[in-house]
Amino acid sequence: MKRCARSYLSVLTFGAASLPLLLLGCESASSDGDDAVFGSEQAVLTHAPDVPPPITRDRPTRVVVNLETQELVGRLADGVEYTFWTFGGEVPGRFIRVREGDVVEFHLNNRPDSRVPHNIDLHAVTGPGGGAAASFVAPGQTATFVFTALNPGLYVYHCATAPVGMHIANGMYGLILVEPEGGFPPVDHEYYVMQGEIYTTGGYGEEGLQNFSMEKALAESPDYVVFNGSVGSLVGDNALKAQVGERIRLFVGNGGPNLVSSFHVIGEIFDLVYHEAGSTVSENVQTTLVPAGGAAIVEFEVQVPGNFLLVDHAIFRAFNKGALGMLTVAGPEVSLVYSGRIAEGVYLPEGGAVQAMPGAQAQPPRASTTEERVAFGQRVYTQNCVACHQAEGQGIPGAIPPVAGSDFLNADRTRAIEVVVNGLEGPITVNGDTFTSSMPSLQLSDHDVANVLTYIYSQWDNAGFEVLPQEVSVVREQTR
Ligand code: HEC
Ligand SMILES: [Cu+2]
């Protein structure tokens, strides 16, 4: 342990009340004096996905952190709200950046309009509870404690007030980075991404204000697994951005409370991973584990333009529960690295005759009423469409158009049949948004196509058409 080289008194003032508070401090110094703590500064705290600027100091200082706990209703998904408990007004909590050897003077302030007490356990703290007992604050209270950031690394912090799991599930987690002496090598972009699960009484996409479900939390069976606090927080306009040739560093955390993340970026290979955010660096990694209450630092260069999906590769979480983000890379194509699709044709291993699908497909059920058609169509939708167009037909902003309330769908049923029979290559405009993606031809029978379209038309304020297998057959013939 370091000894006090010099003691001092500091005077702090709090808000408008200007209540002076005397703190007995200590400047530590080693025998050679290199890591003596000099001066003091206010920490820059950022909301995800932003990260505070790198530290340029070459010596430790006293860093003052002011963090406020706030309970507020926020967006969980389109049409779905949740009462989040936060460090700093958003999920995840604000990013804190200090340097190895810094003395951190931590003030935790619980807003007067909070309903419950909170505290903070920072995994960067060496000391009982990581600061939890020292920081326990009832609504309208503030608490101060001091710690020295002894070990470099990226650390999770979280609330540890009982019931701990509930405070974390409600959003009370974030990251604190303790930069090593000398810092990290410079990169073009640093981003903050943190996964967590939300346990709602209603199922995925069920509208309205959702309550916390203790039952689902105990069963470790969330309906939502999200990056940065909500479904879609990192897609479309909110996607992470970069240019071809740039180098990116992601500070990835996992608040849990229960699930381990298999963090992956589709179409990229991590050049470097600081394994579990510690000092061991692995190279050329496809997917890295981020434990609940743990973190990882990943770095990679982007060599080609396009949209790259950030996912938890426990893949139903990505496409069905929300754990999906996006990195949009702009710049010129580099065809030696990736060609895109350069040729297409029919593959006929047994000669020129028309091919049947292998297994000759079980006969799909024949619907005899509209209700039956809708019910059968729902099954087709769940098996073939939901991964892309999503449970409520809402699509994925910037990537997959909605089939819920889609003007494209409702304007022209023949065209809709064509899309499902033959697939579609963009660009198309749906409800004013342009999509330049592609939908595969799904090889469905006339009955399945009729059923799934009838189902879609019957849902989500769509036009209510019934599509018959005979119509599908006609379109199939005409567009063959
Ligand atoms: C692999 C992802 C994927 C799957 C699976 C998929 N789609 Fe699509 N779909 C798309 C994309 C992407 C587009 C837009 C294509 C473009 O940009 O031209 C689209 C467009 C559409 C459109 C027209 C645009 C709109 O939103 O109204 C309809 C209708 C549609 N899909 C229906 C379906 C149905 C029905 C199924 C299941 C039988 C299905 N899709 C399965 C990706 C998918
Ligand atoms: Cu709390």
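Scroll up to find the structure this text is about.
We now turn to the structure provided with this report. (Residues numbered from 1 in each chain as written. Chains lettered and ligands numbered in written order. Predicted model: local features only at pLDDT ≥ 70, side-chain atom pairs only at ≥ 80, totals over all residues.)

**Let's talk about the sheet that holds strand 19 (residues 281-285)**
The sheet built from six strands is open, its strands ordered 14-12-16-21-18-19 with mixed pairing. Each edge of the open sheet carries a strand with a single partner, namely strand 14 (224-227) and strand 19. Geometrically, the sheet is characterised by an average inter-axis angle of 20 degrees between neighbouring strands, direction not taken into account. (Pairing = 2+ DSSP bridges. Helix = DSSP H or I, 4+ residues; strand = E, 2+ residues; numbered from the N terminus. Axes fitted to C-alpha atoms, helices over the stretch in contact; angles between N-to-C directions.)

**Examining the site of ligand 1**
Around ligand 1, a shell composed of 30 residues is seen, among which Cys385, Cys388, Pro401, Gly426 and Met439 lie nearest. Taken together, the residues of the shell around ligand 1 sort by class into 22 nonpolar, seven polar and one charged. (Near = placed C-beta within 6 Å. Nonpolar A, V, L, I, M, F, W, Y, C, P; charged D, E, K, R; others polar.)

**Concerning helix 9 (residues 446-458)**
Its 13 residues place the ends of helix 9 18 Å apart at the C-alpha level, agreeing with the 18 Å of an ideal helix rising 1.5 Å per residue. Extensive coverage of helix 9 is indicated by the burial of 12 of its 13 residues. The set of residues buried in helix 9 consists of Asp446, His447, Asp448, Val449, Ala450, Asn451, Val452, Leu453, Thr454, Tyr455, Ile456 and Tyr457. The positive-phi residue at the C-terminal boundary of helix 9 is Trp460, with phi of around 50 degrees. (Expected span 1.5 Å × (residues − 1). Buried ≥ 20, exposed ≤ 12 C-beta atoms within 10 Å, placed from the backbone.)

**Here we look at the pairing of strand 12 (residues 189-198)**
Burial within strand 12 is extensive, with nine of its 10 residues counted as buried. Relative to strand 16 (residues 247-256), strand 12 runs parallel, the two being bridged by eight bridges. Among the inter-strand pairings, His189 is bridged to a residue of strand 16, identified as Ile248. Two elements, strand 12 and strand 14, share four bridges in a ladder whose sense is antiparallel. The partner of Gly196 across the bridge, within strand 14, is Val226.

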